[in-house]
Protein chains: 4
Amino acid sequence: MFEKADTAIETLGEARVPTSYRRGIQCSHNNCFVCDSDRVLLETSLEKVLACARAGETPVSFEKAGPRKSIYFDPKKLRCALVTCGGLCPGLNDIIRAIVLELYYAYGVRNIYGVRHGFAGFIPEYGYDFEDLAPDKVADIHGRGGTMLGSSRGHQDIGEIVDCLDRMNIGILFTIGGDGTLMASTKICDAIKERGLKTAVIGIPKTIDNDIYLVSKSFGFDTAVDMATHAIRSAHTEALGYPLGVGLVKLMGRYSGFIAVTASLAQQDVNFVLIPEVDFDLEGPNGLLASLRERLATRGHAVIVVAEGAGQKFFGGASGTDASGNVRLHDIGLFLKDEIGKYLKSQGMDSGVKYIDPSYMIRSLPANSNDNVFCSFLARNAVHAGMAGKTRMLIGYWHDEFVHVPMDASAGKRKKVDPNGKLWQSLLEATGQEDLRQGQALGFRE
Amino acid sequence: MFEKADTAIETLGEARVPTSYRRGIQCSHNNCFVCDSDRVLLETSLEKVLACARAGETPVSFEKAGPRKSIYFDPKKLRCALVTCGGLCPGLNDIIRAIVLELYYAYGVRNIYGVRHGFAGFIPEYGYDFEDLAPDKVADIHGRGGTMLGSSRGHQDIGEIVDCLDRMNIGILFTIGGDGTLMASTKICDAIKERGLKTAVIGIPKTIDNDIYLVSKSFGFDTAVDMATHAIRSAHTEALGYPLGVGLVKLMGRYSGFIAVTASLAQQDVNFVLIPEVDFDLEGPNGLLASLRERLATRGHAVIVVAEGAGQKFFGGASGTDASGNVRLHDIGLFLKDEIGKYLKSQGMDSGVKYIDPSYMIRSLPANSNDNVFCSFLARNAVHAGMAGKTRMLIGYWHDEFVHVPMDASAGKRKKVDPNGKLWQSLLEATGQEDLRQGQALGFRE
Amino acid sequence: MFEKADTAIETLGEARVPTSYRRGIQCSHNNCFVCDSDRVLLETSLEKVLACARAGETPVSFEKAGPRKSIYFDPKKLRCALVTCGGLCPGLNDIIRAIVLELYYAYGVRNIYGVRHGFAGFIPEYGYDFEDLAPDKVADIHGRGGTMLGSSRGHQDIGEIVDCLDRMNIGILFTIGGDGTLMASTKICDAIKERGLKTAVIGIPKTIDNDIYLVSKSFGFDTAVDMATHAIRSAHTEALGYPLGVGLVKLMGRYSGFIAVTASLAQQDVNFVLIPEVDFDLEGPNGLLASLRERLATRGHAVIVVAEGAGQKFFGGASGTDASGNVRLHDIGLFLKDEIGKYLKSQGMDSGVKYIDPSYMIRSLPANSNDNVFCSFLARNAVHAGMAGKTRMLIGYWHDEFVHVPMDASAGKRKKVDPNGKLWQSLLEATGQEDLRQGQALGFRE
Amino acid sequence: MFEKADTAIETLGEARVPTSYRRGIQCSHNNCFVCDSDRVLLETSLEKVLACARAGETPVSFEKAGPRKSIYFDPKKLRCALVTCGGLCPGLNDIIRAIVLELYYAYGVRNIYGVRHGFAGFIPEYGYDFEDLAPDKVADIHGRGGTMLGSSRGHQDIGEIVDCLDRMNIGILFTIGGDGTLMASTKICDAIKERGLKTAVIGIPKTIDNDIYLVSKSFGFDTAVDMATHAIRSAHTEALGYPLGVGLVKLMGRYSGFIAVTASLAQQDVNFVLIPEVDFDLEGPNGLLASLRERLATRGHAVIVVAEGAGQKFFGGASGTDASGNVRLHDIGLFLKDEIGKYLKSQGMDSGVKYIDPSYMIRSLPANSNDNVFCSFLARNAVHAGMAGKTRMLIGYWHDEFVHVPMDASAGKRKKVDPNGKLWQSLLEATGQEDLRQGQALGFRE
């Protein structure tokens, strides 16, 4: 999944300031500190590690996250900024809260700014929308969905953002956003370096779809799956409620089906799961429509879960891009609702397709307990990294450890559901779903 | 609200059988029993009652529900049937469960049949789909949404239904459904009478919209409001999340806005509530669009709740009827989403309308505690009424009492939100919403 | 239940100020207003009303709540205070929020004070703890449990409270509390009158136990029942989990068993419900212990729900009073856990009693949707009453209408579960529970 | 944490039967299968792996779980048994369900028995309580808490258990339980081997405390933390509700504080967390009582979370063992409630300690989505292992992979919270809690 990446982390310079980190000072053995030489293996396969050893190579690894004994910034003079970008995701407020509390209490930083409404808050024409942040402003936000700073979509001028960072003398910028934000962050780093500024940029990867490359789990995902199962349960109840009832649920997942698959494993009432990574046809003896008809004929009801990025091939071409530059997806949910409705009517099986799209009810949730804890670790480690002068990196989670991942290693790539991996194979077991492609009958079914 | 209705309840004949009702037998003072002469006033206004007294009239009242000392049927020989019709609604399984348990344990009835998939289960071509019901079949169903019997939409032949009742020698038929089911039940009663059969028909009014005439509260409504507030909270979080954010929620309510209004009162983050009972315009200085723009300009975000039956005037004409004969409504939610989107774009205020339609996630819920208790009372009183030989009636709830309401007094009429009543007036206070009609500027705003 | 009470409401004087009530002004027909002559019948029984008419008497009725066309106070000069007293109850923050918003937006009152930590906040030695309240302070509190003002238990000096009201020139005092608070409020009214002050005192009855006399439903009760059912479900699961498993749940209810009974009806897995209103024995052939043994022998598991005020006879005498003057109850939950444990061990049936006391998890909940709406109506009507110069009254709810109830008619009395009424009788049906008194075998069981 | 363990997995013999595993057969590339040589590293530290390489050693690793290409048992003849033991834990029904469905549908096994009420179901005097399991029996159990098979505590005779396995010709026994069950399972394996039987024993480790050695996460833990946060939120609301309010929550954790710590990180309203791994005193200037008084004096309220196994030193000695042989813990929750109450009274700070013990409300929950998915993976991998003839092992989860762990490597040891690790250090940051031992003032606080 990852080859020959450069996993070295860029720094602003040598970390010479003895840390102000409160816990570390108290800790007699100093074993609270992490060294840059502490590294976590990318691969946990014994075979691969032995192969490396035989070839005289060092296995690929990530720098471990955590507080360093020496830091780069003087906490008293340091000014930090936070910005949240793109769509809502459970946990944004937890991240904001934990960054502010860690900077303030653990390191003694007093100048912390929240940039309002995404990168737009840096731009003169939107009025430089900053908000002073201190513990009392964030103490109670963790029970609320959304982001207290507001967000926005759309590109902003990198030069103007860096102008603002420079003028405000920001030492650490925390960017919380998805792949687009990551790309923008690398460009901000380029401009910072070009101008010789000393501003660290630490990314906290946000994607409800859980598809960030080199990040085994992203915040908000667990909460999203939890709520998605409610939608599936509803679809199942509706499908059971009528003769030949069909429930259809559209879930998030532009390029990857992690939510659709995981929620279907959690609420095992689903018969067909359609994701971007696995091709399917509507027509043909093995296509979705015929398979659905067979299911209805034998079992009397059916539930279908579709990820929003699935089945885009059924639409002629792209429908443009949105303000953030994301390809605008065709609405596969409404499309399937119509196609299935028409088909079943033609088969004399019409009982209406019950369609549920819970997307905004999911995105706006407050984080559940699992994500609360996860967010607080992500945020604290982001602060540790920034204080140590690390930059152009994001906080990842890999084999139960928080690690430093270079932005360039992750930006522009995506994690996907592996059709041969245990997740999709388990899904096939749980649903009993077959290959839904037209021409696959012979090789597969017999 | 109710004038000169005949509130007398029809019976199959004199109730001469000493009741087998277990509690009643044990109850030494016999004060567990209700007499037919126990009646509940329709109006609780002192003034109206005094006016009646002065005019020498008896105030309108309903027969009180509850166990009678003598019953009509011999429990040992009695055969009962239950049927659930129309859309799902929280509490259907609670009703089924409580009817079965009451018939079985409290009266000793042993032959109880569940008709599957609505009235269709009575029809030969669908194969007379009956299910024997006994306590073990229903013991655990109250935690589940939907109906264990299944439901269906669409008219069935009254003659065939009564043929089946006759052939199966059904003594009491419990029909659980909405206004269409009520109408069908009166026709079944006509046919029963014509044929000289001795079958009681007891209706349990089901409408998630809470719009049944002469029924102050219908089961499932409380659960529906509970979940609807989650959708509103999500819309509010999404609206707050972006500059000029707009959240739009479509809720149930074909002819009445009870869910929309009550949920907006429960989750007071709503700025505009649109219901069938109160006219509104899109255009004009007071119209929704201009009012929304003003709200966004001053407050930066807005939440709109629309009942599905609101604003049908914006569509040329009817879009036909569904299988149950209900007028097929145009989709006001998607319409508003598009119109508001286009308008805001034209005003340079576009940030996308976040649209939430939680209908099927609401309809499929299991009943909450409040509805659980309510359903068990409705069901037990339905059984008491049926055992006493009452027929052509439904179980109502009026001023904290369960009452017998003649089907003919309720069928075909609807309860509506009174624009001058306390509910709508409270809503106006809570939202700060003004009259949204074009020509109402002068008389109302100043 | 109520006889010859004086239901007349005391006023501070004639209401001569044209109302500043925003909705009313806009309302062309003025039909938003309620007159003092609008009254709601206490009894809805036709028979009782007719008996009154025959006797030439006027049936007992309550004054209807709602906005009056003329008010007593000048909103511009008016100063209001709110205080929350006693134990936590879901909905306190909703009440505070709605009172503040209604005073501020609907009437234009600008001086609103929250008294912190109950009546203690009025007392010099605690430092006169007042908090200025305005919409921004309360806008977001409705999602939180508890009370933003804090509460306290214990008596305070009435003279000092009224000194403070006088010195601060408070026109309306809203007291939100239970029976003790009601009693204190009447004494405050006495002192106010004695001193010739013009301060209205409006009570909003708070009791999670739902036992306030002349109030058909108190806020927080619905939320409490909801959570209580979770505890019961847990007890049932634990009981089912082991051979001869016993689950025991203690619920609130010092003098009345409304929560215990209603929750047991909502979650019908309970076999024995013990409440203060219905006597029971432990020993004897019909006692709880023998009945439990029989249940375990035949069904293998059992669930018991006990209200905290039940079974106090098993303890020698009172265990004193708490700071509020409430009789300190003996802990019937722990007592039963021990007694049942010992008894079952002696019978060779020991599998441990799984004991659940969810009290503080219930009291601290935020209100559910149903209670949210209810609280906002209570609060708004309290404001209407106060503005109209009404005093020494509380806001009640009776036959679906909000009404004015004189404090003296309610204070010191309690609503109880009627052992012959539909609630307890339904409970007996649902649980199958028999009379648990020793000597009741003959008359009842055969 | 783990040294020189023998991680080799015992087998019943060579796996020569071509698998009947449905997915595997369909999978053209056969890459659904896992080989015994696929191993997962115990340590992911680059440094440790390089040190091994330098020393010429092979790093410690676990055998990877998953379907094997060849299996040991003939599915047609195979008879399997499942047993659940010890206390309830969220997810037991999910495990049962997934084992049955996997055996039935994925491998074609038709003889599956559920042993009722733990190991007692094997014993003649309890009547050999077995239940035939098939998909229809388990299809709907995953929404319910507890275990459909029932459980029990207490030792049973190993010989009688193996007699029963032998007589019933059981090929695979799945034991789902905690450390005691694991110990018993190893003894069953000993007896099986001694008798020369061919019965595989596969353990699925169950501990809501999450303290199973070599298992990074145990099922039910995530659900437990979720509910524990509700209890903490309640304690916080109660503490805030009164002057000097104290909330005290006792959580599960006999030997380890994982639930207490994780829930306190998830709901960051806690000021003191007391766990078995970290010593604390009541008395002394740094003790809990003085620290609490200081907190109350400065902040006005406090929340304490205590794991049930903490502070056992305050009791003279052990209070015996329970039926399962577990040391019976003294009740630290009630003890602290009393001690704190007395102390605060002595300091004139008494406002009552609000005590919450949510244990049985947590243990009886159905699994949340996260645990649902986790359970289904555990169960499926247990089936794969059993079918391949593996035995004397349990299914573990390590660095995102499911692995085979020898029972002997785990039984009798416990995972603990490391006082120097990131979990406890993060907790100290989140709570601001200092060392609560008497004599630690000098070295630690300055």
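Residues numbered from 1 in each chain as written. Chains lettered and ligands numbered in written order. Predicted model: local features only at pLDDT ≥ 70, side-chain atom pairs only at ≥ 80, totals over all residues.

Tell me about the sheet that holds strand β10 (residues 200-205) of chain A, residues and numbers included.
Residues and elements named next belong to chain A. In space, the nine strands of this open sheet follow the order β3-β4-β17-β16-β10-β9-β6-β7-β8, with mixed pairing throughout. Every other strand in the sheet has two partners, leaving β3 (39-41) and β8 (130-132) as the edge strands with one partner each. For this sheet, the mean inter-axis angle between neighbouring strands, taken without regard to orientation, is 35 degrees. Judged from the six bridges that link them, strand β16 (residues 393-398) and strand β17 (residues 401-406) form a sheet pairing that is antiparallel. Bridging from a neighbouring strand, Gly396 pairs with Val403 of β17. Taken strand by strand, helix α12 (residues 369-387) contacts β9 (172-177), β10, β16 and β17, and its axis lies near 165 degrees from that of β10. (Pairing = 2+ DSSP bridges. Helix = DSSP H or I, 4+ residues; strand = E, 2+ residues; numbered from the N terminus. Axes fitted to C-alpha atoms, helices over the stretch in contact; angles between N-to-C directions. Contact = placed C-beta atoms within 7 Å.)

I'd like to hear about the relation of the copies chain B and chain A, residue by residue, with values.
Its rotation angle being 180 degrees, the transformation that places chain B on chain A also includes 0.0 Å of axial translation and leaves an RMSD of 0.0 Å. Look at the turn and shift together and you get a two-fold axis relating the two. Interface overlap between copies: 100% of the residues of chain B at the interface are likewise at the interface in chain A, consistent with a symmetric, same-surface contact. (Least-squares fit on C-alpha atoms with pLDDT ≥ 70 in both.)

I'd like a description of the relation of the copies chain D and chain A, backed by residues and values.
Between chain D and chain A, the superposition needs a rotation of 180 degrees and an axial shift of 0.0 Å, giving an RMSD of 0.0 Å. When the interface residues of chain D are mapped onto chain A, 98% of them again fall at the interface, so both copies present the same face.

Lay out the packing of helix α3 (residues 92-106) of chain D against helix α12 (residues 369-387) of chain D in plain terms, naming residues and giving numbers.
Residue and element names in this part refer to chain D. Contact geometry of α3 with α12 gives a least axis separation of 8 Å together with a crossing angle of 45 degrees. What the angle tells us is that α3 and α12 run oblique. Of the two elements, α3 crosses α12, and the hand of that crossing is right-handed. Contacts between α3 and α12 involve Asp94, Ile95, Ala98, Ile99, Glu102 and Leu103 from the former and Asn372, Cys375, Ser376, Leu378, Ala379, Arg380, Ala382 and Val383 from the latter. Taken together, the residues of the contact of α3 with α12 sort by class into nine nonpolar, two polar and three charged. (Parallel < 35°, antiparallel > 145°, perpendicular 65-115°, else oblique. Left-handed = near helix turned anticlockwise from the far one by under 90°. Nonpolar A, V, L, I, M, F, W, Y, C, P; charged D, E, K, R; others polar.)

Requested: an account of the interface of chain D and chain A, with residues and values cited.
Contacts between chain D and chain A engage 46 residues on the former and 46 residues on the latter. Examining the composition of the side of chain D that touches chain A, we find that seven residues originate from one element, α12(D), more than from any other.

Quick rundown of the interface of chain B and chain A? Include the residues and the values.
Each side of the interface is counted separately: chain B has 23 residues, and chain A has 23 residues. Contributions of two or more residues to the side of chain B that touches chain A are made by α7 (221-241), β14 (353-356) and α11 (359-363) of chain B. In terms of residue count, the dominant contributor to the side of chain B that touches chain A is α7(B) (seven residues). Taken together, the residues of the side of chain B that touches chain A break down into nine nonpolar, twelve polar and two charged.

Describe the arrangement of the chains, with residues and values.
At their nearest point, the C-alpha atoms of chain A and chain C are still 10 Å apart, with no contact between the two. Contact between chain B and chain D is absent, and the minimum C-alpha spacing across the pair is 10 Å.

How would you sum up the domain arrangement of chain A? Please name residues and give values.
Residue and element names in this part refer to chain A. Domain boundaries assigned for chain A yield domain 1 (10-218 + 367-410) and domain 2 (222-364 + 432-437). Domain 1 and domain 2 are separated by 36 Å when their C-alpha centres are compared. At the interface, 19 residues of domain 1 touch 18 residues of domain 2. Here the residues of the side of domain 1 that touches domain 2 are counted per class, giving five nonpolar, ten polar and four charged. (Domains from an automatic or database assignment.)

Help me get a handle on the environment of A:Phe402, residues and values and all.
All names here are of chain A. Counting through the fold element by element, Phe402 comes out in strand β17. By C-beta crowding, Phe402 is classed as buried, having 23 other C-beta atoms within 10 Å. Residues Phe402 and Glu238 lie 164 residues apart in sequence; the distance between their C-alpha atoms is 42 Å. Here Phe402 is in contact with Ala65, Phe377, Asn381, Ile395 and Tyr397, once residues within four sequence places are set aside. (Buried ≥ 20, exposed ≤ 12 C-beta atoms within 10 Å, placed from the backbone.)

Which residues make up unusual backbone geometry, and what are the values?
Residue and element names in this part refer to chain A. Backbone geometry at His399 places phi at a positive 50 degrees, although glycine is not the residue there. On the secondary structure map, His399 appears in the loop between β16 and β17. According to the C-beta neighbour criterion, His399 is buried, with 21 such atoms within 10 Å.

Go over helix α9 (residues 288-299) of chain D, please, and point to the residues and values.
All names here are of chain D. Helix length check: α9 (twelve residues) gives 16 Å between terminal C-alpha atoms against 16 Å at 1.5 Å per residue, within 8%. For α9, the complete set of buried residues consists of Leu288, Leu289, Ser291, Leu292, Arg295 and Leu296. Angularly, the buried residues of α9 cover 165 degrees about the axis, an arc narrow enough to put them on a single face. In α9, those exposed residues whose orientation departs by more than 90 degrees from the buried face are Glu294, Ala297 and Thr298. Residues of α9 that are buried in the fold lie against β12 (272-274), β13 (301-307) and α10 (332-346). Once α9 finishes, Gly300 follows within two positions and takes phi at roughly 85 degrees, a positive value. (Expected span 1.5 Å × (residues − 1). Arc of directions from axis to C-beta.)

Go over the pairing of strand β14 (residues 353-356) of chain D with me, naming the residues and quoting the values.
All names here are of chain D. Burial along β14 is two-sided: the residues Val353 and Tyr355 and Lys354 and Ile356 are all buried. Summarising the sheet, strand β11 (residues 245-251) and β14 pair through four bridges and their orientation is parallel. When the bridges of β14 are listed, Leu248 appears paired with Tyr355.

Break down the sheet that holds strand β16 (residues 393-398) of chain D for me, with residues and values.
All names here are of chain D. Read from one edge to the other, the open sheet built from nine strands follows the order β3-β4-β17-β16-β10-β9-β6-β7-β8, with strand pairing classed as mixed. Either end of the sheet is taken by a strand with one partner, and the two such strands are β3 (39-41) and β8 (130-132). If you compare each strand with its neighbour and ignore which way they point, the axes differ by 35 degrees on average. Sheet topology note: the strand β6 (residues 79-84)/strand β9 (residues 172-177) ladder contains five bridges and is parallel. Its bridge partner being in β9, Leu82 is matched across the sheet by Phe174.

Tell me about the pairing of strand β10 (residues 200-205) of chain B, and name the residues and values.
For a regular strand, side chains alternate in direction, first toward one face of the sheet and then toward the other. All names here are of chain B. The element β10 is extensively covered by neighbouring structure, given that six of its six residues are classed as buried. By the alternation rule, side chains of β10 split into Ala200, Ile202 and Ile204 and Val201, Gly203 and Pro205, which are all buried. Pairing of strand β9 (residues 172-177) with β10, which is carried by six bridges, proceeds in the parallel orientation. Paired with Phe174 across the bridge in β10 is Ile202. Two strands pair when backbone bridges link them, and β10 and strand β16 (residues 393-398) are joined in this way by two bridges, in the parallel orientation. When the sheet's bridge partners are listed, Gly203 is paired in β16 with Leu394.

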